[in-house]
Number of protein chains: 4
Amino acid sequence: MVKTPADRWSPRDPDDDAPRLECGVFGVFDVEDASAVTALGLHALQHRGQEACGIASFDGNGFHTERHMGYVGDAFAGGDLTTRLPGAFAIGHTRYSTAGGSVIRNVQPMFADLDTGGIALAHNGNLTNFLTLRQQLVAEGRIFQSTSDSEVILHLIARSRRPRLVDRFIDALREIEGGYALVAITNKKLIGVRDPLGIRPLVLGDLDGHPVLASETCALDMIGARFVRDIEHGEMVIIDHDGIQSLRPFPAARARPCIFEYVYFARPDSVVNGKSIYEVRKRMGRRLAMETPANVDVVVPVPDSGVPAALGFAQEAGLPFEMGIIRNHYVGRTFIQPTQGARETGVRMKLSPNRAVLAGKKVMLIDDSIVRGTNSIRVVRMVREAGAAEVHLRSASPPIQWPDFYGIDMPDRENLLAAQHSVEDIARILNVDSMGFLSVDGLYWAMEAGARDPANPQFTDHYFTGDYPTRLLDREIAEGRNAVAERQLSFLVDA
Amino acid sequence: MVKTPADRWSPRDPDDDAPRLECGVFGVFDVEDASAVTALGLHALQHRGQEACGIASFDGNGFHTERHMGYVGDAFAGGDLTTRLPGAFAIGHTRYSTAGGSVIRNVQPMFADLDTGGIALAHNGNLTNFLTLRQQLVAEGRIFQSTSDSEVILHLIARSRRPRLVDRFIDALREIEGGYALVAITNKKLIGVRDPLGIRPLVLGDLDGHPVLASETCALDMIGARFVRDIEHGEMVIIDHDGIQSLRPFPAARARPCIFEYVYFARPDSVVNGKSIYEVRKRMGRRLAMETPANVDVVVPVPDSGVPAALGFAQEAGLPFEMGIIRNHYVGRTFIQPTQGARETGVRMKLSPNRAVLAGKKVMLIDDSIVRGTNSIRVVRMVREAGAAEVHLRSASPPIQWPDFYGIDMPDRENLLAAQHSVEDIARILNVDSMGFLSVDGLYWAMEAGARDPANPQFTDHYFTGDYPTRLLDREIAEGRNAVAERQLSFLVDA
Amino acid sequence: MVKTPADRWSPRDPDDDAPRLECGVFGVFDVEDASAVTALGLHALQHRGQEACGIASFDGNGFHTERHMGYVGDAFAGGDLTTRLPGAFAIGHTRYSTAGGSVIRNVQPMFADLDTGGIALAHNGNLTNFLTLRQQLVAEGRIFQSTSDSEVILHLIARSRRPRLVDRFIDALREIEGGYALVAITNKKLIGVRDPLGIRPLVLGDLDGHPVLASETCALDMIGARFVRDIEHGEMVIIDHDGIQSLRPFPAARARPCIFEYVYFARPDSVVNGKSIYEVRKRMGRRLAMETPANVDVVVPVPDSGVPAALGFAQEAGLPFEMGIIRNHYVGRTFIQPTQGARETGVRMKLSPNRAVLAGKKVMLIDDSIVRGTNSIRVVRMVREAGAAEVHLRSASPPIQWPDFYGIDMPDRENLLAAQHSVEDIARILNVDSMGFLSVDGLYWAMEAGARDPANPQFTDHYFTGDYPTRLLDREIAEGRNAVAERQLSFLVDA
Amino acid sequence: MVKTPADRWSPRDPDDDAPRLECGVFGVFDVEDASAVTALGLHALQHRGQEACGIASFDGNGFHTERHMGYVGDAFAGGDLTTRLPGAFAIGHTRYSTAGGSVIRNVQPMFADLDTGGIALAHNGNLTNFLTLRQQLVAEGRIFQSTSDSEVILHLIARSRRPRLVDRFIDALREIEGGYALVAITNKKLIGVRDPLGIRPLVLGDLDGHPVLASETCALDMIGARFVRDIEHGEMVIIDHDGIQSLRPFPAARARPCIFEYVYFARPDSVVNGKSIYEVRKRMGRRLAMETPANVDVVVPVPDSGVPAALGFAQEAGLPFEMGIIRNHYVGRTFIQPTQGARETGVRMKLSPNRAVLAGKKVMLIDDSIVRGTNSIRVVRMVREAGAAEVHLRSASPPIQWPDFYGIDMPDRENLLAAQHSVEDIARILNVDSMGFLSVDGLYWAMEAGARDPANPQFTDHYFTGDYPTRLLDREIAEGRNAVAERQLSFLVDA
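Residues numbered from 1 in each chain as written. Chains lettered and ligands numbered in written order. Predicted model: local features only at pLDDT ≥ 70, side-chain atom pairs only at ≥ 80, totals over all residues.

> How do you make sense of the overall build of chain A when you look at a structure like this?
In terms of regular secondary structure, chain A is built from 18 helices and 24 strands. Within chain A, the proportion of its 495 residues that are buried is 64%. Contacts spanning at least 24 positions in sequence make up 71% of the contacts within chain A whose residues lie at least 6 apart. (Helix = DSSP H or I, 4+ residues; strand = E, 2+ residues; numbered from the N terminus. Buried ≥ 20, exposed ≤ 12 C-beta atoms within 10 Å, placed from the backbone. Contact = placed C-beta atoms within 7 Å.)

Have a look at this one:
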């Protein structure tokens, strides 16, 4: 029996309050052991999606794919990978799901046999007209076996009647809306696409003369590849034995990359759109120190994502930076909660208080962002129990007030703490002596982007501003039509 | 990591010379714990396909499917099945593959979301115009994610523009050719179909007032259901809360069921098309004794499929029947072949000689059929090494000379022993003192069907006669077009 | 995590009413790939114990052991066995447990480091003074990590102060009582021992000039070895590079092998103490036909163990033998019992009625023995439901009235049907038209042993007679001391 | 089949140059769900041993144990732990092995049935007279089934002829030499022992009024228990329903705890012997800045163990502290090394360079210690490749020159970089612009212990000084006898 995925990975920890991104993508062209290179690349992108992963390779004769629930290091480590997934072309995907339930059928890459040959495709992001397109395709008599965006894109490619695959792919791109980075392989090409506004990231690297595509530069570092450039917003790159061709299938537009990549998602050692994540985060911390100072003894990050901002805050404020909270590197499945003595075990499994730093101190805690606030409540309580005299909390990003539709898994407005409460209320709810958020202007300052241009904002920043960069077709229809569209899917659970 | 199927089941043993059938199907409507009932039914049909199995259920809200490599008893036993696959409608499938590689994506039931709602479908048999249809569908811009017949049928259903699902299903049936039994569930109905000639079997049962469909009656016995009747050739039954409706979507034709079900596939306790498999096999043995007598001491079956014919032979010939070969009930994965002492371990893993019966005796071995002959060579050698004075061999079916295209996995003509050699040659090759086959007329006699009518043969019997009951479109095109069609599939290997 | 055994094997099916033997043993000396040869040998002995299995090998430098819950074909098949268990000496064990709970720590072979070097030991059988010895050893300050007989024997060997290992082994043998066959390897020798009465079987074979020990001859056939002779009762064989030495460590006694090996345990193709199991069973059936005739239409075995006796019965009585009950070869773990339609699923999982043979017939069912009767009740009911006009039942062995203490797992007297009820009562309880048992004299006749000598019975037959061949020390003490001894073990459950 | 451990955990990564400690121990008395509490405690001690783990519980009637290769979070998470391991007493163990190969038989806790009842025992540390004792016990006729220290201790307890278990335990303690912390449960008591010098740590906590024993305070924090006190050097605590009794079975001695716990092993949030690990490490960094200053731009820790010292260094030197190296939290099994592009993948799997911090900078790297130097070479190269202008390296502990015999896995002197090379040579070998080590006096200063007293050193510090705190009997004998003792073990490999 193929084990049911439920045995092999943990559903989302209810205490885990972090926003989630759905994916990392990776692709290589014309390298030996392409699947092994891809596995390493995906391992470096694991932070972008821990729920499932997949690799598709082409070996000159046929396509090979494996898709698994769980970590890359469990699914694609071990000795026989290049036998199982042979070939010199490969793409890979690591995923947390937004659209599509948590089932193996929705794991990417998705594959289809077309009359032009096979194609495997993976994407990071979310289509804002997914339901509309899917409903249309189904009405035309097309069948769906998953609830994934990628299957919609494959159908659109197949539906186009133009003779060349690239033209069909462009036809498909012109129908989809939203934020996405795509990678695909055919029997001849590696293709990469970034959405018209460049909401989701995608970079081009070079591995000893061979092209590589990846969501972040840290994947290039892992495999020893050189960073070449970001794929531009609205750019489609076609890589084959003749070289790299750059196409612009969309009308010209100004870039508007997702600012949340800087706040939380990307790894600190990555460089996204030309900016070091680590440096941006430190500047967020610096600016936070200027905007929301406090009389404290010590600056303590909520590890690990709060570390750079806390360093920036401490440096700017001239305060000592200390690891007052220690992260446990061994994370297991959910333990049984013993009846005795187990208070707040959830947070303690991951974080523990360093009493030597906290006891008797006025502590400034720095976190990257506040979503529901449930995690913050527990961390603050833990720090108080460890003897802190005062606990102050700062969010290195502005109040999150609006949900995302471009691939970030966030709660509804009703569950976003800052959408429902004032800063004063939040301080009271979280039981902190003072609470502060970075301003939107402060965030733009940290990006070194000048002031925010309200007419043409430089970044996708609706989480803080409510200013969505594209129309939201499915949502508009759903609101108009009383959610008819939603009911069209027969939610499928498949092991 | 979801284990790769390769860890979980054994590829076909090269010593295993038996023909293979691709599938068993099962369906229940409106019973509590439908998936548990289906699991039991599939367990009883395990002999029809040991490579993979799947169940799809509908619980009033959505569809649930699980598909696994390996045995029903490994995949669907255990405690939480009805939680994993809830609902009162279910279909199931157990499979050995003909069309479609051995990959989990090809495991049935297949599911699709249509605009009329979801549908899950499973089939036993083979479409003789599969490649032609698939090529046509792909040319229309439809995408395929498996190489299974079932996906073609789902596409045909989806393509039909008629408003009612049943009408679309009928449209699809009118396009497919070959031998098949289908079961499907929608959110309202259980549907069963048997091909126009009734090549593959399908029976209707009754479980405490609720309809059941199954490939063989032994599945009804397992779940405690009553046999109602065979689904007729060319009949489509639509089961819903209003009862059972019988449709005839095809032009009228005479039935021509597969005679190999009687020779080998069906379980001896099943009744197929009104005839007990066990009794037919015994009559084959009786007739064999009349047609090919020999001066022997003892009649010994090659277990287990040769047992009824050997009993018939012994009774007719007035000779003692003895279990001269013992079957080992514990079958494991492939063992390492030790360098020392290991002659013919392959056959000995499954069969062992009972020296007390064989030593010094003139032995008549009865097997159900001879395919490649590789297994017979080994069994004969084992019996001789156990001290038999003479070894005679009889096949309880006529010489197999032609391959099948309706769901039975047989080698090409070049590898069918009786297609290449005379009976005398076969005796020499297998090293037996005499060799005999049942005649085609003898087989019809055993079926109590009267003499074979060459103009309208009562059974599908091309394995012995070369007389195929339908046109073979894919094959004709492949021969005409130099196998272009075959190359259209990108063979996909997916865990 | 090492999987908990509970995931990997099924606890005894409560419907399974058969007696169980605890073990098969196997050993080879000086052959290439000794562990692979041993795995094959154990596979042939799987019928003697399906709960767990183990192999120990010695590669010239050190010992290697693996012990697993479950089947040989799951534990020791696959590619790397000779790497995991290298060497030219090996012993193996397959087990159903009597003494010692079902835990991996009790799985054999057991190993110990002595001052003379390492020793690995496995046994089939049961020590009747196990608790007494264990208590004594513990009182001397020795520690136990299992509840297995083998650990007691290892302690006794270690405790002996004689310089040579063989002498220490003999010291140990002189302390133990009961019925057993032992195999052991040291860094120089393969050792085999059969208890003073030869209760448990052990044979010597020859694999291309190299000695082999096995519980039954079927293991020799599997590996292609030649049968040499039975190890005699009370014989110890020491096999090393100087050849095979035979010792007699016990006072002279007459052999008294277990007659239940012939009735049920041994495989029909095995030859035990010079007699073919199959032929003995057929003679039991013949004699049964003489002793308990009936006016019936057909003789039907309860498969598979009833087949030879049914053949003998039918031949003697001149009645047709038919496979009226079909055994299902696919046995899974316990399925969920659906609420609907599931009557007697337990027995139907394994056996199904062949209505064509049974309907309207007066049926003579032949089983090898009746223990609790629970299985018989279900089989009889199934046969009646299939339409039998009359159902008669015969046991090919005498009424079982006494429990065993030599390695056979049987219920207490209170649960032995024939210990509590007359034949007439049994017929009523099982709902048969007539009931019959073979007589003890008939059983001896089938053994061709002459009449039973009450002073010196030729066989161990206390199950039928209450005449135990040895004293039962633990039992006597337990009865005397109010079961104090039992309480001394801290029953340990270990994954 | 129980999976072979090799599938479930990774052998030591050859690039991993860190010293390893063998164990963490944990015990609770009289709490509900004792095994669940123990699992949480072990999870917090996972850093002390990642190779295997085990729990033994006593439920009033019997003992239950499970021992697994791999992480606590894999072995003991999930739903049925308290069913598998019921009871209110439990001890647990997490392990990296020094004595005893990496086999499941050596995993602790070890269990034995004594005449006083069962006992389960686990230890952290190493006996320096293990081989001598084992040889003596074997010569007395005792048998060994593992190569673990714990089994020797159990034998010594069993061998004592005193009537009370506690007295026998004390007899055993008086025979063993070395550094150790022991926990044990009997059917009445929880026992803890710390070696005469207190080399290995052990603390007493209180969980809602019930005693807890643990290697480090972080395990108390995890379960919500209150720290009570350190178990003292040479103290034995007997915990039963009458309370906690403290015994002193050894001659009086001055404490001499292992200083390496502070340098590397203990978690930064633990308090060992009254001192915060984090604060000691920060003081090591401060002192290092005083002793070995350099003209650099930025202080960068080798994460995670170098972080506190790097903070101390940066604070003392007035230099910016930056996370110039990022640790990857997802660690998988060994990946296939692709032929292309894969330079130094080993180190990159765990650490990646943060170019924004390193490029063009004079970088001061702070590591906790240097063992072989292999890891340092790779980290320095990675930092240089990321564009650092200069790379300086500091070890926050003195040069390691002598191996350990008290439970720390370190290479021989030949493989200790600082035992073979001068500081200048080391700088050249590691390719750093300057190299510095903390002095032994500096380390004592960081411990706030005053100057090292050469007559009676306050700590076990032989790694740096060669001054071993006890005699090393096995080693002396081995050197004298040409390693005869070593050859006595038949190394056993058991799955």
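> Would you explain helix H5 (residues 149-159) of chain B in this entry?
Side chains that are three or four residues apart share a direction in an α-helix, a result of its 3.6 residues per turn. Along H5 of chain B, 10 of the 11 residues are buried, which leaves the element largely enclosed by surrounding structure. Those residues of H5 of chain B that are buried lie in contact with strand E6 (110-114), strand E7 (117-127), helix H4 (130-139) and helix H6 (165-173) of chain B.

> So what exactly am I meant to see when it comes to the interface of chain B and chain C here?
By a widespread convention, an interface's size corresponds to the accessible area lost as its parts come together. Contact residues are listed per partner, giving 62 residues for chain B and 63 residues for chain C. The dominant element in the side of chain B that touches chain C, judged by the number of residues it contributes, is helix H1 (residues 34-44) of chain B, at 5 residues. For the side of chain B that touches chain C, the class distribution of residues is 32 nonpolar, 18 polar and 12 charged. (Nonpolar A, V, L, I, M, F, W, Y, C, P; charged D, E, K, R; others polar.)

> In this structure, what is going on with the sheet that holds strand E17 (residues 298-301) of chain B? I would like to understand it.
Strand pairing in a sheet relies on backbone hydrogen bonds, with the paired strands running either antiparallel or parallel. All names here are of chain B. With respect to topology, 4 strands assemble into an open sheet ordered E17-E20-E21-E23, the strand pairing being parallel. With one partner strand each, in any of the chains shown, E17 and strand E23 (434-437) form the two edges of the open sheet. Taken pair by pair, the neighbouring strands of this sheet meet at an average axis angle of 20 degrees, ignoring direction. Taken together, the 4 bridges between strand E21 (residues 390-395) and E23 define a ladder with parallel strand orientation. Within E23, the residue paired with Ser395 across the bridge is Phe437. Sitting on the sheet, helix H10 (residues 307-317) is in contact with E17, strand E20 (362-367) and E21, with an inclination near 165 degrees to E17. (Pairing = 2+ DSSP bridges. Axes fitted to C-alpha atoms, helices over the stretch in contact; angles between N-to-C directions.)

> Got a minute to help me understand the domain arrangement of chain A in this structure?
Domains assigned within chain A are domain 1 (5-256) and domain 2 (275-328 + 345-465). Between the C-alpha centres of domain 1 of chain A and domain 2 of chain A there is a distance of 32 Å. (Domains from an automatic or database assignment.)

> What is the right way to look at the environment of Pro411 of chain C in this model?
All names here are of chain C. Following the sequence through the fold, Pro411 ends up in the loop between strand E22 (408-409) and helix H14 (417-420). Under the C-beta neighbour-count criterion, Pro411 is labelled partly exposed, with 15 such atoms within 10 Å. Taking C-alpha positions, Pro411 is 22 Å from Ile366, a pair spaced 45 residues apart along the chain.

> Sorry, what's going on with the packing of helix H4 (residues 130-139) of chain A against helix H18 (residues 473-480) of chain A here?
Helices that pack against each other are described as a pair by the angle of their axes relative to one another and the distance between those axes. Residues and elements named next belong to chain A. Between H4 and H18, the shortest axis-to-axis distance is 6 Å and the interhelical angle comes to 80 degrees. The angle between H4 and H18 places the two elements in the roughly perpendicular class. Contact with H4, carried on its side by Phe130, Leu131 and Thr132, involves Leu473, Asp474 and Ile477 of H18 and no other residues of that element. Taken together, the residues that form the contact of H4 with H18 break down as 4 nonpolar, 1 polar and 1 charged. (Parallel < 35°, antiparallel > 145°, perpendicular 65-115°, else oblique.)

> What am I meant to see in the relation of the copies chain B and chain C here?
One copy of the chain maps onto the other through a rotation about an axis plus a displacement along that axis. Between the two copies, chain B and chain C, the superposition gives an RMSD of 0.1 Å; the rotation angle is 180 degrees and the shift along the axis is 0.1 Å. Both copies are brought into coincidence by an operation consistent with a two-fold rotation axis. Taking C-alpha positions as reference, the residue of chain B nearest the rotation axis is His329 of chain B, located at 3.5 Å. Interface overlap between copies: 100% of the residues of chain B at the interface are likewise at the interface in chain C, consistent with a symmetric, same-surface contact. (Least-squares fit on C-alpha atoms with pLDDT ≥ 70 in both.)

> What exactly am I supposed to notice about the environment of Gly373 of chain D here?
Residue and element names in this part refer to chain D. Mapping Gly373 onto the fold places it in the loop between strand E20 (362-367) and helix H13 (374-385). In this structure Gly373 comes out as partly exposed when scored by C-beta crowding, with 19 C-beta atoms within 10 Å. Separated by 56 residues in sequence, Gly373 and Ile429 place their C-alpha atoms 8.7 Å apart. Here Gly373 is in contact with Leu417, Ile429 and Leu430, once residues within four sequence places are set aside.

> Help me out: how do you make sense of H6 of chain B in this one?
Residue and element names in this part refer to chain B. The set of residues buried in H6 consists of Leu165, Arg168, Phe169, Ala172 and Leu173. Along H6, the residues classed as buried sweep out an arc of 145 degrees about the axis, all on the same side. Its buried side turned inward, H6 meets H5, strand E8 (178-186) and strand E9 (190-194). (Arc of directions from axis to C-beta.)

> Mind showing me how you'd approach the pairing of strand E7 (residues 117-127) of chain C here?
For a regular strand, side-chain orientation follows a simple rule: the groups alternate between the two sheet faces. Within E7 of chain C, 10 of the 11 residues are buried, which leaves the element mostly enclosed by the surrounding structure. The turn linking strand E6 (residues 110-114) of chain C back onto E7 of chain C is made up of 2 residues.

> It is not clear to me how the sheet that holds strand E8 (residues 178-186) of chain D should be interpreted in this structure. Could you clarify?
Residue and element names in this part refer to chain D. Ordered in space as E6-E7-E8-E9-E13-E14, the 6 strands form an open sheet in which the pairing is antiparallel. Single-partner strands in this sheet number two, and they are strand E6 (110-114) and strand E14 (243-247). Shown here is a sheet whose adjacent strand axes are inclined to one another by a mean of 20 degrees, direction ignored. Where strand E9 (residues 190-194) lies against strand E13 (residues 236-240), 4 bridges are found, and the strand directions are antiparallel. By the bridge assignment for E13, Ile191 is matched with Ile238.

> Please clarify how the UniProt feature "active site" (unreviewed entry) in chain A should be interpreted in this entry.
Under the feature "active site" (unreviewed entry), the UniProt entry names Cys23 of chain A. Here Cys23 of chain A shows up in strand E2 (residues 23-29). (UniProt positions renumbered as here; feature names shortened; annotations may be inferred.)

> Quick question: what am I supposed to make of the environment of Leu202 of chain B here?
Topologically, Leu202 of chain B is positioned in the loop between E9 and strand E10 (203-207). Apart from the residues within four sequence positions on either side, Leu202 of chain B is in contact with Ala181, Gly192, Arg194, Leu213, Ser215 and Ile231 of chain B.

> I tried to follow unusual backbone geometry on my own but got confused; where do I start?
Following Pro303 of chain B, the chain continues to Asp304 of chain B via a peptide bond in cis, the omega torsion being -10 degrees. One non-glycine residue, Asp33 of chain B, lies in positive phi territory at about 55 degrees. If you trace the backbone, Asp33 of chain B turns up in the loop between strand E2 (23-29) and H1. Unusually for a residue other than glycine, Glu448 of chain C sits at a positive phi of about 55 degrees. Along the chain, the position of Glu448 of chain C falls in the loop between helix H16 (440-446) and helix H17 (462-465). A tally of 10 C-beta atoms within 10 Å means that Glu448 of chain C is categorised as exposed.

> Would you mind going over the packing of helix H5 (residues 149-159) of chain D against helix H6 (residues 165-173) of chain D with me for this structure?
Residue and element names in this part refer to chain D. Packing of H5 against H6 leaves a shortest axis separation of 8 Å and a crossing angle of 125 degrees. As the angle between them shows, H5 and H6 are arranged oblique. As for how H5 packs across H6, the hand of that crossing is right-handed. Counting all contacts with H5, which are made through Ile153, Leu156 and Ile157, the residues of H6 involved are Arg168, Phe169, Asp171 and Ala172. (Left-handed = near helix turned anticlockwise from the far one by under 90°.)

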